Amino acid sequence: MTLYILRRLALAGLVLFSVSALTFLISRVVPSDPAALFAGQRPTAEQIALARERLGLDQPLVVQYARFMGDILSGDLGISYKTKHAIASDLATFLPATLELVLVSIALALLIGIPAGVLAGAQRGGWFDQATRVLSIAGVSIPAFWLALILQLVFFGAWHLLPLSSRTSNEAAIMYPIQAITGFHLVDAALTGNWTGWVDAALHIVLPAFTLATYPISLTLRMTRAAMVEVLGEKYIVAARAQGLPERDVLFRYALKNAIVPALNVLGLSFAFSLTGSFLVEVIFSWPGLGKYVTDSILNADFPVIVSVTLIVTVFYVLINLAVDLIQARLDPRVVLR
Amino acid sequence: MSYLEVQDLRIAFQTHAGRFGAVNGIDLALERGEIFGLVGESGCGKTVTSLALMGLVPPPGEVTAARLTLDGIDLLGRRDWRDVRGRRVAMIFQDPAASLNPTFTLGEQLVHVIGHHLGQKGATARARAAALLVDVGLPDFERILRAYPHQLSGGMQQRAMIALALASGANFLIADEPTTALDVTIQAQILRLLKGLRDKHGLTILLITHDLGVVAQTCDRVGVLYAGTLVETATAVELFRAPQHPYTQGLLAALPRPGSRGTDLAAIEGQVPSGMTAVAGCPFAARCPQVFGPCRSARPILLEPVAGHGVACHLYTAQEAAS
Ligand SMILES: Nc1ncnc2c1ncn2[C@@H]1O[C@H](COP(=O)(O)OP(=O)(O)O)[C@@H](O)[C@H]1O
Ligand code: SF4
Ligand SMILES: [Mg+2]
């Protein structure tokens, strides 16, 4: 087990190395001049040359790459060409907001997609199955921006139930500011007992999280349903019913434990997918996460930022896949970790 | 009144090709404490009959009967089976590996059933689980409780399945081909275990099998099923000593004997009629070596030319009418 985890982590290191090399290469072959950007507005040729030297862009590629890797390994992600801030501190500002949004949306997918999938599979062909089939097809095909607008129109515009955008309301930010501890508003507010601030943050996260979650909810639901249909045909389910166990136990305990693995795989992939998928949603809901930071960096060819964010996303991707594999092995004793 | 009473049990499946009668009117009466064998070829309706006793016939199956009672309680048209499944009737299956949940340890499965039916938790429940395992011949219970089903041999899995079936305190056990997937020595051990449990706990057992050898080793009485109808019923001793129905006679003639090469039930020539087309006469007519006049037009009913020995065949209808 420990050996398996170590081997997977070593493999993860290899993946990270390749991804870093690839993004680095791509960032150096695209025709743009980071030095000109770094030198500020309307730079002279001398200023640009100076900037090039400071950034080490006059060195051979191999040297540049070695320096870049050396910095990263020592925990230094470099500085943004545009903002001149240390990227690490920029990420510390923006990443928690994005992560919080993604985590809430994955939690929604887990809490809605899996039970709904279980019930749909249990009454295959029934009205609930039909209804969730239609809804989940809609869920995977509706563009996020359109869904976001509809949700805003209905829940903010028509019913005044939920805020339009941003992470907190101005009043709450002034009257009940959330003290930053982890950077996750919901966690920090709860830790400090700031319940007014917590409710405000919770209301703000509902619409963007739901928008982001529609795809994973739909996918999880369908995967769970398909797996349930298969598992419910197994002999041990007939046996469990013959033992007189209540239907709730048969479905959510005896069957679900055998049917949940495909859904977990989908959720794991969705997590990584949502990290980048959230950027659009963040822009629509003025969510102060990585979205705007990354969009700006791309528009400005701010390579250190692009490379750093790519690496962060890769790290999450690798770790989550490892976690999903470990959970799978825990759920099914027949799975051998190799 | 018998412990289990079944009268005119019919089970039909509505398929796109038409209505398929899997069981076409069978009568059974089991006495408390006996082991009753239900024998027949694959597909003759043994499993659906047993599932009907627990309300577990899968859709689109429809179950009707003139009477269906267990220990005085009515099983007919029941919506709420909580009082029956596990509590009064337990079931074990042909393939123990597939009938045990692969993702829970046997301890977890036993404790869960015990908790649900007897309300026992924690150490009390575990103690009962251990006692059950000892009862079914698994004295190494500490290891078994922690094991997942795939870590046990087939014989141990079936023993564990029996423990799980008995965990809820049922007095009636349906064993659907419990030894078919096991090799011969293990098969004999499991059958001996079932007999022992009957003696020790006063269980009533409906033992379903396609193997007359199993019947001979274990059963007090036997019913022979053919194409969803009961063609002969007698004590096991009587059935082997003086089989009456041509089908049973054929089965016994096909039994492997020392010196001859063994064959299975299907050794009788011809095919079982598909339940799709309602047969007017005797369902065995197409394969019967003694088929005669009335066989193809009138369906023989189960009569008892000799007390306690029922047979559904026109050879005996005539005899009875004459006497
Ligand atoms: N779910 C079902 N749908 C349609 N037909 C079924 C179903 N289950 C059983 N049958 C039919 O009922 C008949 C009896 O099946 P079964 O009781 O399993 O036979 P046995 O246990 O004697 O081998 C078979 O011909 C089978 O095709
Ligand atoms: S009724 Fe006729 S066909 Fe049927 S078993 Fe008896 S003799 Fe054979
Ligand atoms: Mg069967």
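Residues numbered from 1 in each chain as written. Chains lettered and ligands numbered in written order. Predicted model: local features only at pLDDT ≥ 70, side-chain atom pairs only at ≥ 80, totals over all residues. Heavy atoms only, no water.

We now examine the site of ligand 1. All names here are of chain B. Lining the immediate surroundings of ligand 1 are Phe13, Phe20, Ala22, Glu41, Ser42, Gly43, Cys44, Gly45, Lys46, Thr47, Val48 and Pro58. Between ligand 1 and the protein, one listed contact pairs an oxygen atom with a backbone N or O atom of cysteine 44 at 3.3 Å. When residues of the shell around ligand 1 are assigned to their parent elements, the largest contribution, 3 residues, is made by helix α1 (residues 46-52). (Near = heavy atom within 4 Å. Polar contact = N/O pair within 3.5 Å; in protein donor to acceptor, adjacent residues only side chain to side chain. Helix = DSSP H or I, 4+ residues; strand = E, 2+ residues; numbered from the N terminus.)

Below, the discussion takes up the environment of Leu221(A). Residue and element names in this part refer to chain A. Along the chain, leucine 221 falls in helix α10 (residues 195-232). Remark: the alpha-carbon pair of leucine 221 and alanine 209, spanning 12 residues in sequence, is separated by 17 Å. Residues within four places of leucine 221 in sequence aside, it is in contact with Gly113, Ala116, Gly117 and Thr132. (Contact = heavy atoms within 4.5 Å.)

So, on to empty space enclosed by the protein. In the structure shown here, the tally under the stated rule is 3 cavities of 30 Å³ or more. As for the largest cavity, its lining consists of 15 residues, and the residues nearest its centre are Pro246(B), Cys282(B), Cys288(B), Cys295(B) and Cys313(B). Here the residues of the lining of the largest cavity sort into 12 nonpolar, 3 polar and no charged. Lining the second largest cavity we find Leu162(A), Pro163(A), Leu164(A), Ser165(A), Ser166(A), Leu203(A), His204(A), Leu207(A), Pro208(A) and Phe285(A). Residue composition of the lining of the second largest cavity, by class: 7 nonpolar, 3 polar and no charged. (1 Å grid on protein atoms, 1.4 Å probe; cavity = no way out; pocket = protein on both sides within 12 Å on 5 of 7 lines; lining within 4 Å. Points joined across faces, edges and corners; volume = space filled by probe spheres on them. Nonpolar A, V, L, I, M, F, W, Y, C, P; charged D, E, K, R; others polar.)

For the rest of this paragraph, the subject is the side chain of Ser297(A). Residue and element names in this part refer to chain A. On the secondary structure map, serine 297 appears in helix α14 (residues 290-299). Taking the relative accessible area as the measure of exposure, serine 297 reaches 3% and is therefore buried. Here the side chain of serine 297 touches valine 294 through a polar contact of 2.7 Å, landing on its backbone oxygen. With sequence-adjacent residues up to four places away left out, serine 297 is seen in contact with Asp302, Val305 and Ile306. (Buried < 20%, exposed > 50% of the residue type's maximum accessible area, 1.4 Å probe, protein only.)

Tallied over the entire structure, the rule returns 15 aromatic pairs over all chains. Cluster of aromatic residues (ring-pair linked, three or more members): Phe17(A), Phe24(A), Tyr65(A) and Phe68(A). In this structure, Lys257(A) packs its charged tip against the face of Phe104(B), placed 4.4 Å from the ring centre. (Phe/Tyr/Trp six-rings, centres within 6.5 Å; stacked < 30°, edge-to-face > 60°. Lys NZ or Arg CZ within 6 Å of the ring centre and 35° of its normal.)

Glancing now at the interface of chain B and chain A. Contacts between the two partners involve 26 residues from chain B and, on the opposite side, 19 residues from chain A. Here chain B packs against chain A, burying approximately 2000 Å² in sum over the two surfaces, 65% of which is carbon and sulfur. Three residues, Thr103(B), Phe104(B) and His112(B), lead the burial of chain B against chain A; their summed loss comes to 27% of the area buried on that side. Where chain B touches chain A, the interface holds 0 salt bridges. Our enumeration of links across chain B and chain A arrives at 9 residue pairs in polar contact (both at pLDDT 80 or more). Among the elements that line the side of chain B that touches chain A, the one with the most residues is helix α3 (residues 106-118) of chain B, at 6 residues. (Buried area = accessible area lost by both parts, 1.4 Å probe. Salt bridge = Lys/Arg side-chain N within 4 Å of Asp/Glu carboxyl O.)

Attention now moves to helix α7 (residues 144-158) of chain A. Residue and element names in this part refer to chain A. Taking 1.5 Å of rise per residue, the 15 residues of α7 would be expected to cover 21 Å, and the 20 Å separating its terminal C-alpha atoms lies within 8% of that figure. Within α7, the full set of buried residues consists of Leu147, Ala148, Leu151 and Gln152. Of the surrounding elements, those touching the buried residues of α7 are α10 and α13 (261-284). Directly after α7, the chain includes histidine 160, whose backbone phi takes a positive value near 50°. (Expected span 1.5 Å × (residues − 1).)

Next up on the list: the pattern of salt bridges. All names here are of chain A. In the structure shown here, the tally under the stated rule is 21 salt bridges over all chains. For aspartate 129, the salt bridge goes to arginine 225, with nearest N and O atoms at 2.7 Å. Highlighted residues: aspartate 129 in helix α6 (residues 127-141) and arginine 225 in helix α10, separated in sequence by 96 residues. With relative accessibility at 0%, the residue aspartate 129 sits in the buried group. The class for arginine 225 is buried, based on a relative accessible area of 12%.

All names here are of chain A. For chain A, the domain assignment lists domain 1 (32-76) and domain 2 (93-331). Spacing between the C-alpha centres of domain 1 and domain 2 amounts to 39 Å. When domain 1 packs against domain 2, the two sides together hide about 360 Å² of surface, and 81% of this comes from carbon and sulfur. Summed over the three residues of domain 1 that lose the most area to domain 2, namely Ser32, Leu37 and Phe68, the buried surface amounts to 72% of that side. Linking domain 1 with domain 2 are 0 salt bridges. For the interface between domain 1 and domain 2, the tally reads 0 residue pairs in polar contact (both at pLDDT 80 or more). Of all the secondary structure elements, the ones that give two or more residues to the side of domain 1 that touches domain 2 are α2 (34-38) and α4 (61-73). Partitioning the side of domain 1 that touches domain 2 into residue classes produces 4 nonpolar, 1 polar and no charged. (Domains from an automatic or database assignment.)

A separate point is the site of ligand 2. All names here are of chain B. If you check the shell around ligand 2, you find His245, Pro246, Cys282, Phe284, Ala285, Cys288, Gln290, Cys295, Cys313, His314 and Leu315 and nothing else. Taking a 2 Å distance to the grid points as the criterion, the majority of the atoms of ligand 2 fall inside the largest cavity. A class-by-class count of the residues in the shell around ligand 2 yields 8 nonpolar, 3 polar and no charged. (Sits in = over half its atoms within 2 Å of the grid points.)

Here we come to the side chain of Ser169(A). Residue and element names in this part refer to chain A. In this fold, serine 169 is placed in the loop between α7 and α8 (170-175). The class of serine 169 is buried, set by a relative accessible area of 17%. A distance of 2.9 Å separates a polar atom in the side chain of serine 169 from a polar atom in the side chain of aspartate 200.

This part is about unusual backbone geometry. Of note, the bond from Pro59(B) into Pro60(B) is cis; its omega dihedral lies within 30 degrees of zero at 5°. Checked against the element boundaries, Pro60(B) lands in the loop between α1 and β4 (61-64). Residues other than glycine seldom take positive phi values, yet Ser166(A) does so here, at roughly 70°. The residue Ser166(A) is located in the loop between α7 and α8 in this model. One non-glycine residue with positive phi stands out, namely Glu177(B), at about 45°. By the secondary structure assignment, Glu177(B) is in the loop between β8 (172-176) and α7 (184-201).

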